[in-house]
Amino acid sequence: MSFLAKVFIYPINSLILADLVERFGHKPLTMMNQIREKVTSLSLDSPPLNITPEDPKLGLKYAAIEVPAGVRGRMALIGPLIEQTEAAIIVENPPTDFGCVGCNRTNELTKYLVRSKGVPVLEVEYPKSDDEARDFVNKIVAFLESLPKEKPEEDEKAKETESADKEDKE
């Protein structure tokens, strides 16, 4: 399936936001996908630990050695998603059951890195009433619809690959 844009969502494990982003043809960048890759890859020797020797080093790319190990561990998963992001949705003041990451330092660092990336970012307040919930969804839908509909560089690469494949078959 070809996605229009890679959209980082915060809270990073919100199934509600992931579903909404995917319904509009975009790829949600979520923690669940990162964890799935991690636990289904052959690089893990001890699944209860769920880390490789490279993970702590990767976390250091995003957080200094002085920050708690949990922040670096989370950033080893979240950082690569931020690097891929082409747009982002940040929900402010969500309840913990909306998609808690579990560490406020990680949350603040994540939001800072996303905002400083220079991609389109929609920041919305978590709704507290039915009317606010409708506005919340409408704002997200409008944002997703405003994102670029085409990726010219990737389309050109795909066409070149198709042409090369056709030539190889002939």
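Not measured: the values here are computed from a predicted model.

Visitor: I'd like a description of the overall build of the protein, backed by residues and values.
Guide: Assigned secondary structure in the protein consists of seven helices and four strands. Scored against the burial criterion, the 170 residues of the protein give a buried share of 38%. Taking the intrachain contacts of the protein between residues at least 6 apart in sequence as the baseline, contacts between residues at least 24 apart amount to 63%. Accessible surface, the protein: about 10600 Å² in total, of which carbon and sulfur atoms supply 53%.

Visitor: Go over unusual backbone geometry with me, naming the residues and quoting the values.
Guide: Most peptide bonds adopt trans geometry, and most residues besides glycine take a negative phi value. A cis amide bond, omega 10°, links Tyr10 with the succeeding residue Pro11. Structurally, the position occupied by Pro11 is in the loop between strand 1 (6-10) and helix 1 (15-23). The residue Asn93 is not glycine, and still its phi comes out positive at about 55°.

Visitor: Kindly report on the packing of helix 4 (residues 69-84) against helix 5 (residues 104-116), identifying the contributing residues and their values.
Guide: Contact geometry of helix 4 with helix 5 gives a least axis separation of 10 Å together with a crossing angle of 25°. What the angle tells us is that helix 4 and helix 5 run roughly parallel. The chirality of how helix 4 crosses helix 5 is right-handed. Contacts between helix 4 and helix 5 involve Gly70, Val71, Arg74, Met75, Ile78 and Ile82 on the former and, on the latter, Arg105, Thr106, Leu109, Thr110, Leu113 and Val114. Taken together, the residues of the contact of helix 4 with helix 5 break down into seven nonpolar, three polar and two charged.

Visitor: Can you break down the environment of Ile140 residue by residue, with the values?
Guide: Mapped onto the secondary structure, Ile140 falls in helix 6 (residues 130-146). A residue is classified by how much of its surface remains accessible, and Ile140, at 0% relative accessible area, is buried. Measuring from C-alpha to C-alpha, the distance between Ile140 and Leu20 comes to 8.3 Å, with 120 residues separating the pair along the chain. Not counting chain neighbours up to four residues away, the residues in contact with Ile140 comprise Leu17, Leu20, Ile89 and Leu122.

Visitor: If you had to explain the pattern of salt bridges to someone new, which residues and values would you point to?
Guide: Oppositely charged side chains can pair when the atoms bearing their charge come close. Enumeration over the complete set of coordinates arrives at eight salt bridges. Salt-bridge contacts for Glu54 lead to Lys57; the nearest nitrogen and oxygen are separated by 3.5 Å. On the basis of relative accessibility, which here comes to 48%, the residue Glu54 falls in the partly exposed class. Classification of Lys57 by relative accessible area gives exposed; the value is 53%. One salt bridge connects Arg115 with Glu123, and the closest N-O pair in it is separated by 2.9 Å. Because the salt bridges share partners, they merge into one network encompassing Glu92, Glu108, Lys111, Arg115 and Glu123.

Visitor: How would you explain the sheet that holds strand 2 (residues 27-29) if you had to name every residue and give the values?
Guide: Spatially, four strands are ordered 2-1-3-4 in an open sheet, and the strand pairing comes out parallel. Strand pairing shows two members of the sheet lacking a second neighbour, strand 2 and strand 4 (121-125), which therefore form its edges. Going from strand to strand, the sheet's axes swing by 25° on average, the running direction of each strand aside. Where strand 1 and strand 2 come together, three bridges link them in parallel fashion. For Lys6, the partnering residue across the bridge sits in strand 2 and is Lys27. Along the sheet, helix 6 makes contact with strand 1, strand 3 (87-92) and strand 4, crossing strand 4 at roughly 175°.

What counts and how
- Residues numbered from 1 in each chain as written.
- Predicted model: local features only at pLDDT ≥ 70, side-chain atom pairs only at ≥ 80, totals over all residues.
- Heavy atoms only, no water.
- Helix = DSSP H or I, 4+ residues; strand = E, 2+ residues; numbered from the N terminus.
- Buried < 20%, exposed > 50% of the residue type's maximum accessible area, 1.4 Å probe, protein only.
- Contact = heavy atoms within 4.5 Å.
- Areas by Shrake-Rupley, 256 points an atom, 1.4 Å probe, with all protein chains shown as cover.
- Axes fitted to C-alpha atoms, helices over the stretch in contact; angles between N-to-C directions.
- Parallel < 35°, antiparallel > 145°, perpendicular 65-115°, else oblique.
- Left-handed = near helix turned anticlockwise from the far one by under 90°.
- Nonpolar A, V, L, I, M, F, W, Y, C, P; charged D, E, K, R; others polar.
- Salt bridge = Lys/Arg side-chain N within 4 Å of Asp/Glu carboxyl O.
- Pairing = 2+ DSSP bridges.

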